[in-house]
6 protein chains.
Amino acid sequence: MKRQDGRQPDQLRPIEITPGFIKYPEGSALICCGDTKVICNATVEEEVPPFRKGSGKGWVTAEYAMLPRATNARSRRDISKLKLNGRSAEIQRLIGRALRAAVDMKALGERTITVDCDVIQADGGTRCASITGGFAALALALDQLRRQGIFDKLPLTGCVAAVSCGIVEGRPLLDLCYAEDSAAQVDFNFVMDDQSRVIEAQGTGEGRPFAKAELDALYALAEPAIRRLIEIQKQTLGGLLG
Amino acid sequence: MKRQDGRQPDQLRPIEITPGFIKYPEGSALICCGDTKVICNATVEEEVPPFRKGSGKGWVTAEYAMLPRATNARSRRDISKLKLNGRSAEIQRLIGRALRAAVDMKALGERTITVDCDVIQADGGTRCASITGGFAALALALDQLRRQGIFDKLPLTGCVAAVSCGIVEGRPLLDLCYAEDSAAQVDFNFVMDDQSRVIEAQGTGEGRPFAKAELDALYALAEPAIRRLIEIQKQTLGGLLG
Amino acid sequence: MKRQDGRQPDQLRPIEITPGFIKYPEGSALICCGDTKVICNATVEEEVPPFRKGSGKGWVTAEYAMLPRATNARSRRDISKLKLNGRSAEIQRLIGRALRAAVDMKALGERTITVDCDVIQADGGTRCASITGGFAALALALDQLRRQGIFDKLPLTGCVAAVSCGIVEGRPLLDLCYAEDSAAQVDFNFVMDDQSRVIEAQGTGEGRPFAKAELDALYALAEPAIRRLIEIQKQTLGGLLG
Amino acid sequence: MKRQDGRQPDQLRPIEITPGFIKYPEGSALICCGDTKVICNATVEEEVPPFRKGSGKGWVTAEYAMLPRATNARSRRDISKLKLNGRSAEIQRLIGRALRAAVDMKALGERTITVDCDVIQADGGTRCASITGGFAALALALDQLRRQGIFDKLPLTGCVAAVSCGIVEGRPLLDLCYAEDSAAQVDFNFVMDDQSRVIEAQGTGEGRPFAKAELDALYALAEPAIRRLIEIQKQTLGGLLG
Amino acid sequence: MKRQDGRQPDQLRPIEITPGFIKYPEGSALICCGDTKVICNATVEEEVPPFRKGSGKGWVTAEYAMLPRATNARSRRDISKLKLNGRSAEIQRLIGRALRAAVDMKALGERTITVDCDVIQADGGTRCASITGGFAALALALDQLRRQGIFDKLPLTGCVAAVSCGIVEGRPLLDLCYAEDSAAQVDFNFVMDDQSRVIEAQGTGEGRPFAKAELDALYALAEPAIRRLIEIQKQTLGGLLG
Amino acid sequence: MKRQDGRQPDQLRPIEITPGFIKYPEGSALICCGDTKVICNATVEEEVPPFRKGSGKGWVTAEYAMLPRATNARSRRDISKLKLNGRSAEIQRLIGRALRAAVDMKALGERTITVDCDVIQADGGTRCASITGGFAALALALDQLRRQGIFDKLPLTGCVAAVSCGIVEGRPLLDLCYAEDSAAQVDFNFVMDDQSRVIEAQGTGEGRPFAKAELDALYALAEPAIRRLIEIQKQTLGGLLG
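What you see is a predicted model, and the numbers here were worked out from it, not measured in a lab.

Enquirer: What am I meant to see in the overall build of chain A here?
Expert: Counting secondary structure elements, chain A contains six helices and nine strands. Over its C-alpha atoms chain A spans a radius of gyration of 18 Å, differing by no more than 12% from the 18 Å that the globule rule assigns to 242 residues. Taken along the three principal axes of its C-alpha coordinates, chain A extends 55 × 45 × 30 Å. Counting the 242 residues in chain A, one finds 62% classified as buried. Partitioning the contacts of chain A with sequence separation of at least 6, the portion at a separation of at least 24 is 68%. Summed over its atoms, the accessible surface of chain A is roughly 8800 Å², and 48% of this surface lies on carbon and sulfur atoms. For chain A, the distance from the average site of its 32 positive side-chain charges to the average site of its 31 negative ones is 2 Å.

Enquirer: Any chance you could explain the packing of aromatic side chains here in plain terms?
Expert: Remark: the centre distance and the inter-plane angle together describe each pair of aromatic rings, the angle taken between the planes. Taken as a whole, this structure holds 24 aromatic pairs over all chains when the rule is applied. Measuring from centroid to centroid gives 4.9 Å for F51(B) and W59(B), while their planes differ by 85°, and the two rings are edge-to-face. What makes F51(B) exposed here is its relative accessible area of 56%. The class for W59(B) is buried, based on a relative accessible area of 16%. Aromatic pair F188(E) and F210(E): ring centres 5.8 Å apart, planes at 75°, arrangement edge-to-face. Of this pair, F188(E) sits in strand β8 (residues 184–193) while F210(E) sits in the loop between β9 (198–204) and α6 (212–236), and the two are 22 residues apart along the sequence. With respect to burial, F188(E) and F210(E) carry one shared label: buried. Through a chain of ring-to-ring contacts, the aromatic side chains of F188(A), F190(A), F210(A) and Y219(A) assemble into a single cluster. A cation over a ring is seen here: K212(B) above Y219(A), with NZ or CZ 5.3 Å from the ring centre.

Enquirer: Teacher, can you tell me more about the relation of the copies chain A and chain F here?
Expert: Relating the two copies of this chain is a rotation about some axis coupled with a shift parallel to it. Of the two same-sequence chains, chain A is brought onto chain F (RMSD 0.0 Å, axial shift 0.0 Å) by a rotation of 180°. Look at the turn and shift together and you get a two-fold axis relating the two. The C-alpha atom lying nearest the rotation axis in chain A is that of I79(A); the distance is 2.5 Å.

Enquirer: Could you clarify how one ought to interpret the arrangement of the chains in this entry?
Expert: A minimum C-alpha distance of 11 Å separates chain A and chain D, which share no contact. Chain E makes no contact with chain B, the minimum C-alpha separation between the two being 11 Å.

Enquirer: Teacher, can you tell me more about the sheet that holds strand β8 (residues 186–193) of chain B here?
Expert: In a beta sheet, neighbouring strands are held together by backbone hydrogen bonds and run either parallel or antiparallel to one another. Spatially, β7(A)-β6(A)-β8(A)-β9(A)-β9(B)-β8(B)-β6(B)-β7(B) is the arrangement adopted by the eight strands of the open sheet, whose pairing is antiparallel. Two strands in the sheet have a free side with no partner beyond their single neighbour: β7 (171–174) of chain A together with β7 (171–174) of chain B. Averaged over all pairs of adjacent strands, the angle between strand axes in this sheet comes to 15°, irrespective of strand direction. Where β8(B) lies against strand β9 (residues 198–204) of chain B, six bridges are found, and the strand directions are antiparallel. Bridging from a neighbouring strand, D187(B) pairs with T204(B) of β9(B). Here helix α2 (residues 86–100) of chain A sits on the sheet in contact with β6 (160–168), β8 (186–193) and β9 (198–204) of chain A together with β9 of chain B, set at roughly 155° to β9(A). On top of the sheet, helix α4 (residues 126–147) of chain A reaches β6, β8 and β9 of chain A; it is set at about 165° to β6(A), its chief contact.

Enquirer: Which parts of the structure should I look at to understand the packing of α2(A) against helix α2 (residues 86–100) of chain B?
Expert: Axis angle and axis distance: for two packed helices, these are the angle between their axes and the distance between the axes, and together they describe the pair. Remark: α2(A) packs on α2(B), axes separated minimally by 8 Å, with the N-to-C direction vectors making an angle of 110°. The pairing of α2(A) with α2(B) is recorded here as roughly perpendicular in orientation. Viewed along their axes, α2(A) and α2(B) form a crossing whose handedness is left-handed. Contact residues: G86(A), R87(A), A89(A), E90(A), R93(A) and R97(A) in α2(A); G86(B), R87(B), A89(B), E90(B), R93(B) and R97(B) in α2(B).

Enquirer: How do you make sense of helix α2 (residues 86–100) of chain E when you look at a structure like this?
Expert: All names here are of chain E. Taking 1.5 Å per residue, 15 residues should reach 21 Å; α2 reaches 21 Å between its end C-alpha atoms and fits that length. Most of α2 sits out of view: eleven of its 15 residues are buried. Buried residues of α2: S88, A89, E90, I91, Q92, L94, I95, G96, R97, A98 and L99, and no others. N-capping of α2 is provided by N85, with a side-chain oxygen placed 2.9 Å from the backbone N of R87.

Enquirer: Is there a simple way to explain the state of the cysteines in this structure?
Expert: This structure, assessed with the given rule, holds zero disulfides over all chains. Considering cysteine sulfurs only, C40(C) is the nearest to C117(C), which forms no disulfide, with 4.2 Å between them. C117(C) gets classed as buried once you look at its relative accessible area, which sits at 0%. There is no disulfide at C32(E), and the cysteine sulfur nearest it, in C33(E), is 7.6 Å away. Given the relative accessible area of 12%, C32(E) is considered buried.

Enquirer: Whenever I open this one, the sheet that holds strand β2 (residues 27–33) of chain F confuses me. Can you help?
Expert: Residue and element names in this part refer to chain F. Spatially, β1-β2-β3-β5-β4 is the arrangement adopted by the five strands of the open sheet, whose pairing is mixed. If you trace the sheet from one side to the other, it starts and ends with β1 (15–19) and β4 (59–66), each paired once. With strand direction ignored, the average angle separating the axes of adjacent strands in the sheet is 15°. Against the sheet, helix α4 (residues 126–147) touches β1, β2, β3 (36–45), β4 and β5 (112–121), its axis set at about 35° to β3.

Enquirer: Got a minute to help me understand the environment of G58(C) in this structure?
Expert: Residues and elements named next belong to chain C. Within the secondary structure layout, G58 lies in the loop between β3 (36–45) and β4 (59–66). The exposure class assigned to G58 is buried, which follows from its relative accessible area of 0%. It is 9.0 Å that separates the C-alpha atoms of G58 and V103, two residues lying 45 residues apart in sequence. G58 has contacts with V48, R52, M105, L108, G109, E110 and R111, leaving out every residue within four places of it along the chain.

Enquirer: Teacher, can you tell me more about the environment of D5(F) here?
Expert: Residues and elements named next belong to chain F. Tracing the chain through its elements places D5 in the segment before β1. Spatially, the C-alpha atoms of D5 and T114 are 35 Å apart, while their sequence positions differ by 109 residues. A distance of 2.9 Å separates a polar atom in the side chain of D5 from a polar atom in the side chain of R7.

Enquirer: Any chance you could explain the pattern of salt bridges here in plain terms?
Expert: Side-chain pairs of opposite charge can arise where the charged atoms are in close proximity. Under the defined criterion, the tally for this structure stands at 150 salt bridges over all chains. Here D116(E) makes a salt bridge to R74(D), at a shortest N to O gap of 2.6 Å. Here D116(E) is found in strand β5 (residues 112–121), whereas its partner R74(D) is found in the loop between β4 (59–66) and α1 (78–81) on a different chain. Summarising the burial analysis for this pair, D116(E) and R74(D) share the class buried.

Enquirer: It is not clear to me how the side chain of E180(F) should be interpreted in this structure. Could you clarify?
Expert: Residue and element names in this part refer to chain F. Residue placement: E180 occurs in helix α5 (residues 178–183). For E180, a relative accessible area of 6% gives the class buried. Separated by 2.8 Å, the side chains of E180 and R3 make a polar contact.

Enquirer: Would you explain the interface of chain A and chain F in this entry?
Expert: Size of an interface: often given as the accessible area lost when the parts come together. Each partner contributes to the interface: chain A provides 34 residues, whereas chain F provides 34 residues. Between chain A and chain F the total buried area reaches about 2900 Å² when both faces are included, carbon and sulfur atoms providing 52% of it. Our enumeration of links across chain A and chain F arrives at 14 salt bridges. Across the pair R77(F) and D118(A) runs a salt bridge whose closest N-O atoms are separated by 3.0 Å. Across the chain A-chain F interface, the total number found is 22 residue pairs in polar contact (both at pLDDT 80 or more). Residue assignment for the side of chain A that touches chain F shows that the elements contributing at least two residues are β3 (36–45), β4 (59–66), α1 (78–81) and β5 (112–121) of chain A. When residues of the side of chain A that touches chain F are assigned to their parent elements, the largest contribution, six residues, is made by β5(A). Split by residue class, the side of chain A that touches chain F holds 16 nonpolar, six polar and twelve charged.

Enquirer: Even after reading the chapter, I still don't get the packing of helix α6 (residues 212–236) of chain C against helix α6 (residues 212–236) of chain D, so can you show me in this structure?
Expert: Packing of α6(C) against α6(D) brings their axes to within 12 Å, and their N-to-C directions diverge by 165°. Here α6(C) lies roughly antiparallel to α6(D), going by the angle between them. The interaxial crossing formed by α6(C) with α6(D) has right-handed handedness. Seen from α6(C), the contacting residues are K212(C), L215(C), D216(C) and Y219(C); seen from α6(D), they are K212(D), L215(D), D216(D) and Y219(D).

The rules behind the values
Residues numbered from 1 in each chain as written. Chains lettered and ligands numbered in written order. Predicted model: local features only at pLDDT ≥ 70, side-chain atom pairs only at ≥ 80, totals over all residues. Heavy atoms only, no water. Helix = DSSP H or I, 4+ residues; strand = E, 2+ residues; numbered from the N terminus. Rg over C-alpha atoms; globule rule 2.2 N^0.38 Å. Buried < 20%, exposed > 50% of the residue type's maximum accessible area, 1.4 Å probe, protein only. Contact = heavy atoms within 4.5 Å. Areas by Shrake-Rupley, 256 points an atom, 1.4 Å probe, with all protein chains shown as cover. Lys, Arg positive; Asp, Glu negative; His and termini not counted. Charge placed at Lys NZ, Arg CZ, Asp CG, Glu CD. Phe/Tyr/Trp six-rings, centres within 6.5 Å; stacked < 30°, edge-to-face > 60°. Lys NZ or Arg CZ within 6 Å of the ring centre and 35° of its normal. Least-squares fit on C-alpha atoms with pLDDT ≥ 70 in both. Pairing = 2+ DSSP bridges. Axes fitted to C-alpha atoms, helices over the stretch in contact; angles between N-to-C directions. Parallel < 35°, antiparallel > 145°, perpendicular 65-115°, else oblique. Left-handed = near helix turned anticlockwise from the far one by under 90°. Expected span 1.5 Å × (residues − 1). Polar contact = N/O pair within 3.5 Å; in protein donor to acceptor, adjacent residues only side chain to side chain. Disulfide = S-S within 2.5 Å. Salt bridge = Lys/Arg side-chain N within 4 Å of Asp/Glu carboxyl O. Buried area = accessible area lost by both parts, 1.4 Å probe. Nonpolar A, V, L, I, M, F, W, Y, C, P; charged D, E, K, R; others polar.

Next up, the structure:
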């Protein structure tokens, strides 16, 4: 039984990362995972939040939003409701944690990098695309600092990427598109580094609870996929990440 | 090596659930997990959100907040900042998903149950306490509807409880108090039902990434603990849950 | 003609003040006046609002809120409406004025005490309970500062308590519960000190205007009741207040 | 000892009410009490708030605001802070209660009258001026409805006016201007009807608590002053109020 | 064919500027253009926005608002919707640009003048009246600084006034009242200085697009009218503006 | 004297319109005017705002926003400040008026088209690019309705495009890039239709007031440029616009 776009259960959608997509940010990348498209822009600011002042350590944070017509039905802008969308709030906290896990804050020094992930087209997996693309933007911004002589090597402890997977009609599938995600009984997002260590794992039994063995099966799908995503990051960023 | 309060690594803090803590709600429970104390109140309303209208199905949602001095330092109220705290937004979405997983929405019928979880004292594990106590409040509210003749048996597909665990100084520990949580390298929350199936699993490598084997070790701590929590729910609610 | 709970017209409901109810605040008290229950937490901060900077004087302020199900029908949280409830705004200003009246700001020195009054169950008289309980929390916080050697004696000019009274079916009654309050033609709140001097008096003819003689009758009910409330404060706080 | 503007302790400032000050509202009046100037506009809408729907009864509500330079220092507009000023919230609730006390809601029928009180110049006593002027605007709006044949006589149960008084340097004074108000030890506002019955009494011991005898002295100042204010209302409104 | 109020096509409504209308602001003027009435208050503050700090230059800004019943139907206050009205946002930006054009910021020095334009009655042309009256208030505030010795001559590069015009039923008309404005096919606002140079021109084809020749015809109406408005400013301000 | 990018004074930057840029909206176009890039998405909804209900007429509205790093310095998102940026408010009102001018609302029928203009890279002229690109998105959405048989021909009264121009160092220049715009003494935006009729003209003397002859010179630059822009629209949309 084939998936609706003909992919194998363990097959990623076509991934493309375009570095330097927007010209002004210190680091910028467009990431396309199938029809999901996210503009990731990294901004460097020479100050840190109050709780980091005087610590000698930097900070990394993220913001996530979708254009109103990134999806099939138009959503009202947050500002017209005066409320940050609860889903966006949850996702941007995840992206921030994921990216912080890859950065040596001491080596970064007292500066803040804000990674804006703006989804311009959403076909499932936007939070994972934001992490994978956001890491590329972050690395590009760090590289600009490196070329300015702020540090000799990028203050990274590793690479970070993320992928969704889920159980659809009883079958574990990798990298769900929107139609699959809507039908999923179980929905999982894995964030890992280049040593296949987990940075964040989040799974929900939306349609039904799931067994530990199912969690294990989904992990088995995600782990090699994230290794592949990190390879693509490395190829795209031209030697930046070793 | 003992924990700071003398517990074993796999030992829960003392758990106490007080049903009927507040007199007005359809279902109310105070849950104390060690020094963490959460008032859980379930409200029944005879209408559903727009996306459920005419579906014949009910809805369950949750709100989570902390009193300003639930913690060691006072936090300003959300309303004085005009922003729902990002952490609260994330947590209340989790509680809502966890409780919905236990309810037969068709059997509930077109009504909404809102479970308010207000933390009056926070010593770690407030989201898990909110789920465990929130389920008790939800069950009590459903029982009131049952006694009104709305249905013969509670429209529940099982029981739900949650527990935190984490890796502190390399050791997997169950049910972290605040001091342990602050020092944790890895932090996990498991929500499960009474058949030890997972409803939600969320883990973060706050201090460092973690191996799959560590995830497995934490699952092994959480699973029997949640069985124990569900036993306590059943004892406390006097036969309501079978 | 008896009152619905059997009380005499000039009889207070059972009053209980539990000091140290929450463990983190500098001063904390749960006050129960019949079925009205308010958690009062006092926080000390070592700074003052801009208008007090450099004055050598301290500041006392209060915030008041109700849990959504403190009442029979659930109220939406302020944050979900992005507006501080008008009634809460009015009440917290009253509590702040009442508590400030009891404090020697010069002796307090340049620090701010914020008294959070969170109503967990509301059966009438919540603003008065907040003042009476809030004063207990304030005194406990001041005592902690005293024990730290900040000052030798509490910087208080007296004790403060409050009580509601009203005219129901033509009869002046003390300490109205919610059902009585709803039926009241005239509604009065008195805040007084331990020398029976008035700090604040607020009366409204909700059902009909009232004569000066009625105001006098209500004052006559309130004055001995407040003396009694201050006795209870003194007993509860174990000699703190002399 | 004379007051700073030469008035006797029991003397009102010059009062002027200009009916029809703004041309669009159903009822409009500018009230000047000395240098305090408030535009009071009453709007009639043919619907009632949800809690009155189907009751056959009307509703009266008020809003209060100050222009940014109504006072000596410019205040930022509420909208630039996204918060209704707490003082305004408290005052507009008072104005609403005061005006509602004078209206026969059954005779008004299911319509809402909103009285906007906008202070363009503030020299003390703005809330009382708003009530006295707001009642004039309300009466004018009701008269327009009467002339449209909605009812034969104005659905009023009486007239309403308000005055401030206070204790300054130990002396009870009527109708405080801003300089006196700032120096007042005790500050009282009385709202009464044309039979000298009290609709609302609010007194605060800002500088020191006060004795019951002082409350009585202030009442004695306010009562004849309000009778005088109601005379002025009647003269100004040309027979409208009998 | 006469206009509804009998004016010639190129005739202004009666204009009246009352300096010193409100007593507290550094500069205050009430401007009446026919039935349009705007209170303009200028506030001087001894600081500048961050982007001007250390520049030695001052800043001028404006805020615009309408009382709820300035118009025929009551509008809800911005604060009750928590949103600055889009039209107000647009207009206050225009007023700010217009007034800044007339000020020598270097000569003003590092201080900010905020001009509040509050429309108390609106019969068309409120933005133009706000500019013409706002300039008067600004000049009065500058004159107060001059009298304090801050500078010898007013730091103005000229006078500024504004007028609306439009095409109604094919005819170019000057200074539209509300009824004309509602029926206008083309709507233009011109802001000019005392040398008939344009500071801002804004025209919209609300009913239909318009030809360049029509723009020219409207300019021909506006130019002498603005000269007349500046004459009135000069007469009213008693030699202040030369 | 050449312009910084070598253009002639009357030369447009390279313009590119990509129809169907985002796959979900009824009409979508990416417009690039030099380095300015705006995603324009048109959404059709089968309802109209309250003021149009029952009129048989449709409505067209626009929203405008910039990604945080569309510019050289990062701007905070509106939602984090809880305020719609004043400049955005002004611009989206302009876009809405411009697009409405081109639509036959009766022929559109009771439906609303919302055109979202999201600037992903800003190098001057974003409001004009939004109008020119927004018109393309609008036409594509209308064409989809036409293909659904809602109407036979597009309910358009003409084409609409916009261009900026200004006076820089005394010279009139067309289509300012950001560096030119920052240095401009006079700044003008023209919106016109395909018969060179003006829909909106907005000019500001940011650096100095300007003479009528300068306005005429800028009009002379803009008019042929807009004809050229409309040609590009027609070519890009493949016969849709005749």
